[in-house]
Amino acid sequence: MVKVRVPATSANMGAGFDTLGIALNLYNRIEAEEIPSGLDIRVLNSAERIPLDERNLIYRAMNIVFNEVRYKPTGLLITQNSDIPMTRGLGSSSACIIGGMLAANVISGRRLPYSRIAELAAKMEGHPDNVGPALYGGFCVSLMTKHRTIVHSTKIRPHIKFAVMIPDYYVATRKSREVLPETVPFEDAVFNISHASILQAALISGDTSQLKIGVQDRLHQPYRRSCIDGFDEIFKKTYDAGSLGTYLSGSGPTVLSFLDGNYNKFKSEMESFFEANSHQWTCKILDIDNVGAVVSERCRRNS
Ligand code: HSE
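Calculation notes
- Residues numbered from 1 in each chain as written.
- Predicted model: local features only at pLDDT ≥ 70, side-chain atom pairs only at ≥ 80, totals over all residues.
- Heavy atoms only, no water.
- UniProt positions renumbered as here; feature names shortened; annotations may be inferred.
- Helix = DSSP H or I, 4+ residues; strand = E, 2+ residues; numbered from the N terminus.
- Rg over C-alpha atoms; globule rule 2.2 N^0.38 Å.
- Buried < 20%, exposed > 50% of the residue type's maximum accessible area, 1.4 Å probe, protein only.
- Contact = heavy atoms within 4.5 Å.
- Areas by Shrake-Rupley, 256 points an atom, 1.4 Å probe, with all protein chains shown as cover.
- Expected span 1.5 Å × (residues − 1).
- Arc of directions from axis to C-beta.
- Core = buried A, V, L, I, M, F, W, Y, C linked by side-chain atoms within 4.5 Å.
- Axes fitted to C-alpha atoms, helices over the stretch in contact; angles between N-to-C directions.
- Parallel < 35°, antiparallel > 145°, perpendicular 65-115°, else oblique.
- Left-handed = near helix turned anticlockwise from the far one by under 90°.
- Near = heavy atom within 4 Å.
- Polar contact = N/O pair within 3.5 Å; in protein donor to acceptor, adjacent residues only side chain to side chain.
- Pairing = 2+ DSSP bridges.
- Disulfide = S-S within 2.5 Å.
- Phe/Tyr/Trp six-rings, centres within 6.5 Å; stacked < 30°, edge-to-face > 60°.

- Identification of the protein chain as Homoserine kinase from Candidatus Ornithomonoglobus intestinigallinarum is taken from an unreviewed UniProt entry.
- For the protein chain, the Catalytic activity (unreviewed entry) comment in UniProt is given as "L-homoserine + ATP = O-phospho-L-homoserine + ADP + H(+)".
- Reading the Pathway (unreviewed entry) entry of the UniProt record for the protein chain gives the comment "Amino-acid biosynthesis; L-threonine biosynthesis; L-threonine from L-aspartate: step 4/5."

## Here we look at the overall build of the protein chain
Okay, step 1: Of regular secondary structure, the protein chain possesses 10 helices and 11 strands.
Okay, step 2: Its C-alpha radius of gyration of 19 Å places the protein chain within 12% of the 19 Å reference for a compact globule of 303 residues.
Okay, step 3: Reported as C-alpha extents along the three principal axes, the dimensions of the protein chain are approximately 60 × 40 × 35 Å.
Okay, step 4: Among the 303 residues that make up the protein chain, the fraction classed as buried is 50%.
Okay, step 5: Across the protein chain, every contact between residues at least 6 apart in sequence was considered, and the portion connecting residues at least 24 apart equals 74%.
Okay, step 6: With the model as given, the accessible surface of the protein chain reaches about 14,200 Å², and the carbon-plus-sulfur share is 51%.

## Let's talk about helix H6 (residues 186-205)
Okay, step 1: The end-to-end C-alpha distance of H6 is 29 Å, a good match for the 28 Å that 20 residues give at a rise of 1.5 Å each.
Okay, step 2: Those residues of H6 not exposed but buried are Asp188, Phe191, Asn192, His195, Ala196, Leu199, Ala202 and Leu203. Projection of H6 onto a plane perpendicular to its axis shows the buried side chains occupying an angular sector of 125 degrees, all on one side. In H6, the exposed positions that point more than 90 degrees away from the buried face belong to Phe186 and Ile193.
Okay, step 3: On the buried face of H6, the contacting elements are strand E2 (20-34), strand E5 (139-144), helix H7 (211-214) and strand E9 (255-259).
Okay, step 4: Count one or two residues on from H6 and you reach glycine 206, which has phi positive near 85 degrees.

## Digging into the nonpolar core
Okay, step 1: Counting 63 residues, the largest nonpolar core has Met13, Ile22, Met62, Ile98, Leu203 and Phe258 as its most contacted members.
Okay, step 2: The biggest single contributor to this core is helix H2 (residues 92-107), with 10 residues.
Okay, step 3: In contact with methionine 62, other than residues within four places in its own chain, are Ala32, Leu76, Ile78, Gly100, Ala103, Ala104 and Ile107.

## Looking at the packing of H2 against helix H3 (residues 114-125)
Geometrically, a packed helix pair is captured by the angle between its two axes and the distance between the axes.
Okay, step 1: Relative to each other, H2 and H3 sit at 140 degrees, their axes nearing to 10 Å. Classed by the angle they form, the pair H2 and H3 counts as oblique. Handedness of the H2/H3 crossing: right-handed. Counting all contacts with H2, which are made through Ser93, Ser94, Ile97, Ile98, Met101, Leu102 and Asn105, the residues of H3 involved are Tyr114, Ile117, Leu120, Ala121, Met124 and Glu125.

## Quick word on the site of the ligand
Okay, step 1: Surrounding the ligand, one finds Asn12, Phe17, Asp18, His127, Asp129, Asn130, Thr173, Arg177, Arg224, Gly250 and Ser251.
Okay, step 2: At 2.7 Å from a nitrogen atom of the ligand is found a side-chain nitrogen or oxygen belonging to aspartate 129.
Okay, step 3: For the ligand, the protein covers 97% of the area, taking 260 Å² as the surface of the free molecule.

## Some words on the pairing of E5
Okay, step 1: Strand direction decides the pairing type here: E2 and E5, joined by 3 bridges, are antiparallel. Bridged to leucine 20 within E5 is valine 141.
Okay, step 2: Linking E5 back to strand E6 (residues 149-154) in an antiparallel pair, the connection comprises 4 residues.

## A word on the sheet that holds E9
The pairing of strands in a sheet comes from backbone hydrogen bonds and takes either a parallel or an antiparallel form.
Okay, step 1: Pairing within the open sheet is antiparallel, and its 4 strands lie in the order E8-E9-E7-E10. Two strands bound the open sheet, and with one partner strand each, they are strand E8 (245-248) and strand E10 (281-286). With strand direction ignored, the average angle separating the axes of adjacent strands in the sheet is 20 degrees.
Okay, step 2: Together, strand E7 (161-167), E9 and E10 form the strand contacts of helix H10 (residues 263-274), whose direction differs from that of E10 by roughly 170 degrees.

## Description of the state of the cysteines
Okay, step 1: A complete count under the given rule lists 0 disulfides for this structure.
Okay, step 2: No disulfide involves cysteine 96; its sulfur sits 18 Å from that of cysteine 140, the nearest cysteine.

## Quick look at H10
Okay, step 1: For H10, with 12 residues, the first-to-last C-alpha span of 16 Å sits near the 16 Å given by 1.5 Å per residue.
Okay, step 2: Taken together, the buried positions of H10 are Phe266, Met270 and Phe274. The buried residues of H10 occupy an angular sector of 60 degrees when the element is viewed end-on, so they sit on one face.
Okay, step 3: Packed against the buried residues of H10 are E7, helix H9 (231-240), E9 and E10.

## Re the packing of aromatic side chains
Okay, step 1: Applying the stated criterion to the full structure yields 7 aromatic pairs.
Okay, step 2: Between phenylalanine 231 and phenylalanine 235 the ring centres are 4.3 Å apart and the planes differ by 25 degrees, which places this aromatic pair in the stacked class. In this pair, phenylalanine 231 and phenylalanine 235 are both assigned in helix H9, 4 residues apart and thus about one turn of the helix distant. The residues phenylalanine 231 and phenylalanine 235 share a single accessibility class, namely buried.
Okay, step 3: When the centroid spacing of 5.8 Å and the interplanar angle of 50 degrees are considered together, the rings of tyrosine 247 and phenylalanine 258 count as tilted.

Set out below in structure tokens:
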């Protein structure tokens, strides 16, 4: 049996649209094993409607690896136990894709290097900024073109924490990409390159005073803000409560703030603030996961 633990991820990080991402200590734990026949998918710890047949995302990701290495499993038992909220901008689908691909790689004889798994996963997801940190952990800068996927992971000093504020509604990435423009002014492109670069420098150097500038972007948040009830007020409140920088996590609706101290005060101030919002929000204080996906193999006693 193969066990894979995959971290949640927060992508874009403000200005780094489809490029920057970070792994966080909230996990999807996937177990998979080859069985004599059939497909048996079990989902623990979830109230969501997750397909238990060939449409299952973990299963589909496993098949991409099996096809790549020409391996035909006789049957599969897959179990998922995830703490990552689904469709909220915390990389739940990337965790399934990476978990499935790594499990399939072990079952089929560990033939693919991680760089190829990153490529296949980015292609399946359509962008690399969640799958990169889900696989490698840390703070990742990723690039995906028709011909290549590159992920550079940096293990940053964990003195800052990450407040993730998660509402009780979904925003599907596919839908939230539809609100984005096809072209942007040159000036906006330059704005984002410079701000994303500042964010990267601030996180790697530990100069947290620049985070607030680094999260500013003109490529996606201005277009997606209408999907979040009270977007401007929420962002303002996070800064009043001590945020060092706040951005829409992935395609939302989760909002993330960098913090350096006063974690409980921030959490309780935001929770009281959210009482007036039309939706229910939860606030979790998370750490960076500098490890990435962890794979372990266990032999069955009677096998
Ligand atoms: N970069 C992707 C997007 C992340 O913003 O659409 C989705 O989680």
